[in-house]
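A structural walkthrough
Residues per chain, in single letters:
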Amino acid sequence: FSNLPLRKGVGVVLLNNNNQVFVAKRIDNPNDFWQMPQGGIDKNENSFEAAIRELKEETSIVNVELIKEIEEELTYMLPDNLLGIIWKGKFKGQTQKWYVMRFLGTDNEINLKTNHPEFLEWKWIDVENITDKVVDFKLDVYEKIKGEVKKLI
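I will try to describe carefully the structure that is included in this document. Predicted model, so just to flag it, every value in this text is computed and none were measured.

With that settled, consider the overall build of the protein. Of the regular secondary structure elements, the protein holds 2 helices and 7 strands. For the protein, the succession of helices and strands along the chain, N to C, is β-β-β-α-β-β-β-β-α. For 153 residues, the compact-globule estimate of 2.2 N^0.38 gives 15 Å, and the C-alpha radius of gyration of the protein, at 15 Å, lies within 12% of that figure. Counting only C-alpha atoms and orienting by the principal axes, one finds that the protein spans roughly 45 × 35 × 35 Å. The proportion of buried residues among the 153 residues of the protein is 44%. When the accessible surface of the protein is split by element, carbon and sulfur atoms take 47% of a total near 8300 Å².

Following this line, the structure appears as structure tokens:
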């Protein structure tokens with residue numbers, strides 16, 4: 001699998017008025033793992049457009065403003081047990097462009113029951129805690145994001 005390419009993706013660090021971060025629990029992994037909204041970049045789409053689209057597709061959220069684009073692209077590799085399974089087996093990991101955004105709406109705008117639901121439940125947590133319940137293979141990415149966000153808030 002080592003010759004497989006990396007998937008191009010995006011992620012969104014969504015902050016509420018209390019500078020808490022939006023996280024959700026995946027339907028396909030109902031263990032106690034929480035993640036921020038993220039997804040792939042479609043053809044003819046730039047990374048910011050992809051981030052806005054993924055956020056809407058996964059959470060129904062549209063009322064946001066950009067705070068900062070995290071300059072460094074962040075990469076993670078899939079663990080062996082997921083290689084050849086996730087993303088139809090086409091990729092060995094993901095390189096992501098992350099955006100920190102401010103949520104301008106109210107919590108009742110958030111609706112996980114979308115056309116293709118990916119999440120079971122959601123919550124707001126302190127940025128300090130985003131690394132507590134993330135799957136192991138995304139931990140390094142989340143550690144870097146935590147450092148970047150702490151500089152902003």
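So, next bit.
Following the criterion strictly, the structure yields 9 aromatic pairs and no others. Between the aromatic rings of F22 and W124, the centroid separation amounts to 5.8 Å while the plane-to-plane angle is 80°, which identifies the pairing as edge-to-face. Of this pair, F22 sits in strand β2 (residues 20-26) while W124 is found in strand β7 (residues 119-126), placing the two residues 102 residues apart along the sequence. Residue classification places F22 among the buried residues on the basis of a relative accessible area of 0%. Through successive ring pairs, a cluster of aromatic residues spans F22, F103, W122 and W124.

Below, the discussion takes up the pairing of strand β5 (residues 74-77). Taking every second residue as pointing to the same face, the buried face of β5 carries L74 and Y76, while none of T75 and M77 on the other face is buried. Sheet topology places β5 next to strand β6 (residues 93-103); 4 bridges connect them, and they run antiparallel. Opposite Y76, over in β6, you have Q94 as the bridge partner.

Okay, the pattern of salt bridges next. Any two side chains of opposite charge can pair if their charged atoms end up close together. Overall, the coordinates contain 15 salt bridges when judged by the stated rule. Two residues, K8 and E73, come together in a salt bridge whose shortest N-O distance is 3.7 Å. Here K8 is found in strand β1 (residues 6-15), whereas its partner E73 is found in the loop between β4 (64-69) and β5, with 65 residues between them in sequence. By relative accessible area, K8 is classed as partly exposed at 49%. In the salt-bridge network here, residues are joined through shared partners; they are D42, E45, R53, E54 and E57.

Formed by 21 residues in total, the largest nonpolar core has its most connected members in V13, V21, M36, W98, I130 and I145. Among the elements of the structure, β1, β2, β5, β6 and α2 (139-152) are those that each provide at least two residues to this core. For this core, the leading source of residues is α2, giving 4 residues. Setting aside residues up to four positions removed in sequence, I145 forms contacts with V13, M36, I70, L74, W98 and I130. In this structure, I61, M101, I110 and F119 belong to the second largest nonpolar core, which totals 17 residues.

A word on helix α1 (residues 47-59). Taking 1.5 Å per residue, 13 residues should reach 18 Å; α1 reaches 18 Å between its end C-alpha atoms and fits that length. Of the residues making up α1, those classed as buried are S47, A50, A51, R53, E54, L55, E58 and T59. Elements in contact with the buried residues of α1: β1, β2, β3 (38-40), β4, β6 and β7. With a side-chain oxygen positioned 3.0 Å from the backbone nitrogen of F48, the residue opening α1 is N46. Downstream of α1 by one or two residues, S60 has phi in the positive range, about 70°.

Calculation rules
Residues numbered from 1 in each chain as written. Predicted model: local features only at pLDDT ≥ 70, side-chain atom pairs only at ≥ 80, totals over all residues. Heavy atoms only, no water. Helix = DSSP H or I, 4+ residues; strand = E, 2+ residues; numbered from the N terminus. Rg over C-alpha atoms; globule rule 2.2 N^0.38 Å. Buried < 20%, exposed > 50% of the residue type's maximum accessible area, 1.4 Å probe, protein only. Areas by Shrake-Rupley, 256 points an atom, 1.4 Å probe, with all protein chains shown as cover. Phe/Tyr/Trp six-rings, centres within 6.5 Å; stacked < 30°, edge-to-face > 60°. Pairing = 2+ DSSP bridges. Salt bridge = Lys/Arg side-chain N within 4 Å of Asp/Glu carboxyl O. Core = buried A, V, L, I, M, F, W, Y, C linked by side-chain atoms within 4.5 Å. Contact = heavy atoms within 4.5 Å. Expected span 1.5 Å × (residues − 1). Polar contact = N/O pair within 3.5 Å; in protein donor to acceptor, adjacent residues only side chain to side chain.

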